[in-house]
Amino acid sequence: MLCPVLPRQSPGEKSAVVGGTGPEAGAFSALALCLLLCDGREEHCRCWRRRRGRRHAGDARLGPRRDSARRCATDHNVDNTTEMLQEWLAAVGDDYATVVWRPEGESRSYPDEEGPKHWTKERHQFLMELKQEALTFARNWEADYILFADTDNILTNNQTLRLLIEKGLPVVAPMLDSQTYYSNFWCGITPQGYYRRTAEYFPTKNRQRRGCFRVPMVHSTFLISLRAEGAAQLAFYPPHPNYTWPFDDIIVFAYACQAAGVSVHVCNQHRYGYMNVAVKSYQGLEDERVNFIHLILEALVDGPPMWASAHVSRPPKRPSKMGFDEVFVISLARRPDRRERMLSSLWEMEISGRVVDAVDGRTLNSSILRSLGVDLLPGYQDPYSGRTLTKGEVGCFLSHYSIWEEVVARGLAQVLVFEDDVRFESNFRGRLEQLMEEVEAEKLPWDLIYLGRKQVNPEEEAVVEGLPHLVVAGYSYWTLAYVLSLAGARKLLASQPLRRMLPVDEFLPIMFDQHPNEQYKAHFWPRDLRAFSARPLLAAPTHYAGDAEWLSDTETSSPWDDDSGRLISWRGSHKTLRDPRLDLAGSSGHSLHPHPRDEL
């Protein structure tokens, strides 16, 4: 929990303090900080710092100053929190006038605790007492504001404090994004203090309505204006004398606000940061680590990304190919942002990928295509817009084709192929490794396994016997992530597709005899590719047609035989629209049909 505290200002003095790290560059009178770290059990570390009045130009940032003091305590650790905090203090301690360091001697658990993520009554009380201690400290110090932020909340917007203070609200939270519809506010609460679903929650969480909205509860990260009317009555512990709601710190504080007549708001005009989805009480720290890695991957897609402190050592990464002979990443050289994001994502998951420069359709002309033996499949038209093949689609096909050639030339038994616009599902690596182990154990003959795709037909696909996470693939779009065997690559090359080309995601269903167009299929024989698909899917596109950030180099391209260089956006194609079945099949991020408790 991170709790910066802004003390009372002198008459006429204006504070402009924002979150972040590094030396200050702004104006403030003084500041105190409470910090609790670090393995997801919010009560582990306490850290306060105090600053004396000083004025500068520009914004103020939370960072070390020579006129600051810091008090740190750590307890109830089951990981290396103490060592991390010591390392961080060793790096920045000299920037403070005083550092008080009070670690707990030995790790201990709460009475009746079943695991590190199990919240007992004693644990709730301990957290309430810590929060009350921080609140009392701020009041005794005559602070104007105090900001609470749990350690699994990552503030990436270094203007957060300034933006919240400018609202002039007594209790206000920056809305945080997560992998699901879970966030740090409730829109409804029952008379008994339990969560109540409302029509306002999802439009707020999705930013379909923007602004600052009054709500009955905020939690995890929020700012309290200690000079606001009624703020002196707010407390975390002990609970209000009339309190009968559940014994939980966030509900206790919500009741305190209600009893004191203090309004509570959540603001979502800006992107402030992220919060990790809480694991279940029976889960452990490894489950939370998996969740946090997925949160890092989501931030790489949606931005802004999260970066680790330079003052804390991270365990060394040990990337591997996960048992595959090669992991290919098809990426256009002129899209360095996509390439960097994809490689960063693989690095976070400790997957060793090799970039293959994609064939850029914009560089192709009729002469090059003739030299490559490329010709259009007779009669091919896009199934939605009726357009012909685009140069972008030709480039995409040639990129995959080059990988199939390398697989055969090198005799690679099995490879993993990615395009550079992949959004990974939670625990992608662990789930893929488990899937491949199960396939191996069942000795399933296979040529291709989709990891991400768009199922075209609504019919239920048959589950493979003995493999509950694998189905026999039907007509599918997209080639953003798949596993390919040596036998599969040989079959694809043997069909000689370059001289009768159509988009690669139309070609593959032909090869496993699931394409609905009989005229197309008649050009290829045999059509015996053994194709399957992960279920639920392990990957999806980063964006869909209609999204603000959507970009397609296959859709925004010129016709395959047009050498004029003009670019046409073929928005008539429905291939890149979102498929609702992705969510119904178990996709965990950005769900259109969230579980009823996802927002809790």
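Just so it is clear, the model here is predicted, and its values are computed rather than measured.

Engineer: Explain the overall build of the chain here, please?
Structural biologist: Of the regular secondary structure elements, the chain holds 14 helices and 28 strands. Counting every position in the chain, which comprises 600 residues, the buried fraction comes to 56%. Restricting the contact set of the chain to residue pairs at least 6 apart, pairs at least 24 apart contribute 76%. Surface exposure of the chain reaches about 25,600 Å², of which carbon and sulfur atoms provide 50%.

Engineer: I tried to follow the state of the cysteines on my own but got confused; where do I start?
Structural biologist: Think of a disulfide as a covalent bridge from one cysteine sulfur atom to another cysteine sulfur atom. As enumerated under the stated definition, the model contains one disulfide in all. What pairs with Cys212 in a disulfide is Cys267, and their sulfur atoms sit 1.9 Å apart. Between Cys212 and Cys267 the disulfide shows an S-S torsion of about 110°. By sign, it is right-handed. With a gap of 55 residues between them, Cys212 in strand 12 (residues 212-214) and Cys267 in strand 15 (residues 264-267) connect regions that are remote in the sequence. Classification of Cys212 by relative accessible area gives partly exposed; the value is 26%.

Engineer: Is there a simple way to think about the pattern of salt bridges in this case?
Structural biologist: Oppositely charged side chains may form a pair once their charged atoms are brought near each other. Considering all chains together, one arrives at 29 salt bridges under this definition. For Lys131, the salt bridge goes to Asp249, with nearest N and O atoms at 2.7 Å. Separated by 118 residues along the polypeptide, Lys131 in helix 2 (residues 121-140) and Asp249 in helix 5 (residues 249-260) bring together distant segments of the chain. Residue Asp249 is classed as buried on the basis of its relative accessible area, which comes to 7%. Among the ionic pairs, Lys205 bridges to Asp177, the shortest N-O distance being 3.9 Å. One end of the pair, Lys205, is in helix 4 (residues 201-205); the other, Asp177, is in the loop between strand 10 (171-174) and strand 11 (185-186), and 28 residues separate them in sequence. When sorted by exposure, Lys205 lands in the same class as Asp177, which is buried. Here the residues in one salt-bridge network are Lys321, Glu326, Arg354, Glu406 and Arg410, joined through shared partners.

Engineer: Help me understand the packing of helix 9 (residues 391-410) against helix 12 (residues 504-511), please; the structure alone is not making it clear to me.
Structural biologist: Helix packing for two helices is described by the angle between their axes and how far apart those axes are. Orientation of helix 9 relative to helix 12, taken along the N-to-C sense of each, is 50°, at an axis distance of 9 Å. The orientation of helix 9 with respect to helix 12, classified from their angle, is oblique. Taking contact as the criterion, the partners of Cys396, Phe397, His400 and Trp404 in helix 9 are, on helix 12, Val504, Phe507 and Leu508. Looking at the contact of helix 9 with helix 12 residue by residue, the classes come out as six nonpolar, one polar and no charged.

Engineer: Could you clarify how one ought to interpret the environment of Val464 in this entry?
Structural biologist: Mapped onto the secondary structure, Val464 falls in strand 22 (residues 463-464). Not counting chain neighbours up to four residues away, the residues in contact with Val464 comprise Leu444, Leu470, Val471, Val472 and Phe532.

Engineer: Hey, could you run me through the sheet that holds strand 25 (residues 531-534) in this one?
Structural biologist: Picture the strands of a sheet paired through backbone hydrogen bonds; they go either parallel or antiparallel. The strand order across the open sheet built from eight strands is 18-17-19-24-21-25-23-22, with neighbouring strands paired in mixed fashion. Each of the sheet's edge strands pairs with one partner strand only, and the pair in question is strand 18 (354-357) and strand 22. In this sheet, strand 24 (residues 476-485) lies alongside strand 21 (residues 448-455) in antiparallel orientation, the contact comprising six bridges. Opposite Leu448, over in strand 24, you have Leu484 as the bridge partner.

Engineer: When you look at the nonpolar core in this model, what are you seeing that I'm missing?
Structural biologist: Most often, soluble globular proteins keep nonpolar side chains buried together rather than apart. Among the nonpolar cores identified, the biggest contains 44 residues, and Trp404 and Phe507 are the most heavily contacted of them. Every element with two or more residues in this core is listed here: strand 17 (326-331), helix 9, strand 19 (414-419), strand 21, strand 24, helix 11 (486-494) and helix 12. Counting residues per element, this core draws most heavily on helix 9, at seven residues. Beyond its immediate chain neighbours, meaning those up to four positions away, Trp404 contacts Phe397, Tyr482, Leu484, Ala489, Leu492, Leu493, Val504, Phe507 and Leu508. Of all hydrophobic cores here, the second largest spans 39 residues; its members include Ile293, Met342, Tyr477 and Ala481.

Engineer: Please explain helix 5 as it appears in this structure.
Structural biologist: Taking 1.5 Å as the rise per residue, helix 5 with 12 residues should run 16 Å; its terminal C-alpha atoms sit 16 Å apart, in good agreement. A large share of helix 5 lies buried, amounting to nine of its 12 residues. Listing the buried residues of helix 5 in full gives Asp249, Ile251, Val252, Phe253, Ala254, Tyr255, Ala256, Cys257 and Ala260. Of the surrounding secondary structure, the elements contacted by the buried residues of helix 5 are helix 2, strand 10, strand 11, strand 13 (217-218), strand 14 (221-225) and strand 15.

Engineer: Honestly, helix 7 (residues 336-348) in this entry has me stumped. Any pointers?
Structural biologist: Since the α-helix packs 3.6 residues into each turn, any two residues three or four apart lie on the same face. The first and last C-alpha atoms of helix 7 sit 18 Å apart over 13 residues, in line with the 18 Å expected at 1.5 Å per residue. Its buried side turned inward, helix 7 meets helix 6 (285-302), strand 17, strand 19 and strand 20 (422-424).

Cut-offs and rules
- For every chain, the first residue of the written sequence is number 1, and numbering continues from 1 onward in sequence order.
- Note on the predicted model: pLDDT of at least 70 is required for a residue's local features to be given, and 80 or more for side-chain atom pairs to be given and counted; whole-chain, interface and lining totals, by contrast, use all residues.
- Hydrogens are left out, water is left out, and the side-chain values use all remaining heavy atoms of the structure.
- Secondary structure is summarised from DSSP: a helix means a run of H or I of at least four residues, a strand means a run of E of at least two, and numbering begins at the N terminus for each.
- Each residue gets one of three labels from its accessible area relative to the maximum for its type: buried under 20%, exposed over 50%, partly exposed in between, using a 1.4 Å probe on protein chains only.
- The contact rule is simple, with two residues in contact once any of their heavy atoms fall within 4.5 Å.
- Residue burial considers only the protein chains on display, and all accessible areas are found by Shrake-Rupley using a 1.4 Å probe.
- Throughout, disulfides are identified as pairs of cysteine sulfur atoms within 2.5 Å of each other.
- Each salt bridge in this description consists of a side-chain nitrogen of Lys or Arg and a carboxyl oxygen of Asp or Glu lying within 4 Å of one another.
- Axis lines are fitted through C-alpha atoms, for helices just across the contact stretch, and the angle between N-to-C directions can take any value from 0 to 180 degrees.
- Working definition: roughly parallel below 35 degrees, roughly antiparallel above 145 degrees, roughly perpendicular at 65 to 115 degrees, and oblique for all remaining angles.
- Throughout, the ten residues Ala, Val, Leu, Ile, Met, Phe, Trp, Tyr, Cys and Pro are labelled nonpolar, Asp, Glu, Lys and Arg are labelled charged, and all others, Gly among them, are labelled polar.
- Each pair of strands is called paired provided DSSP finds at least two bridges between the two strands.
- Only buried Ala, Val, Leu, Ile, Met, Phe, Trp, Tyr and Cys residues count toward a nonpolar core, and they belong to the same one when joined by side-chain atoms within 4.5 Å.
- What a helix should span is 1.5 Å times the count of its residues minus one.

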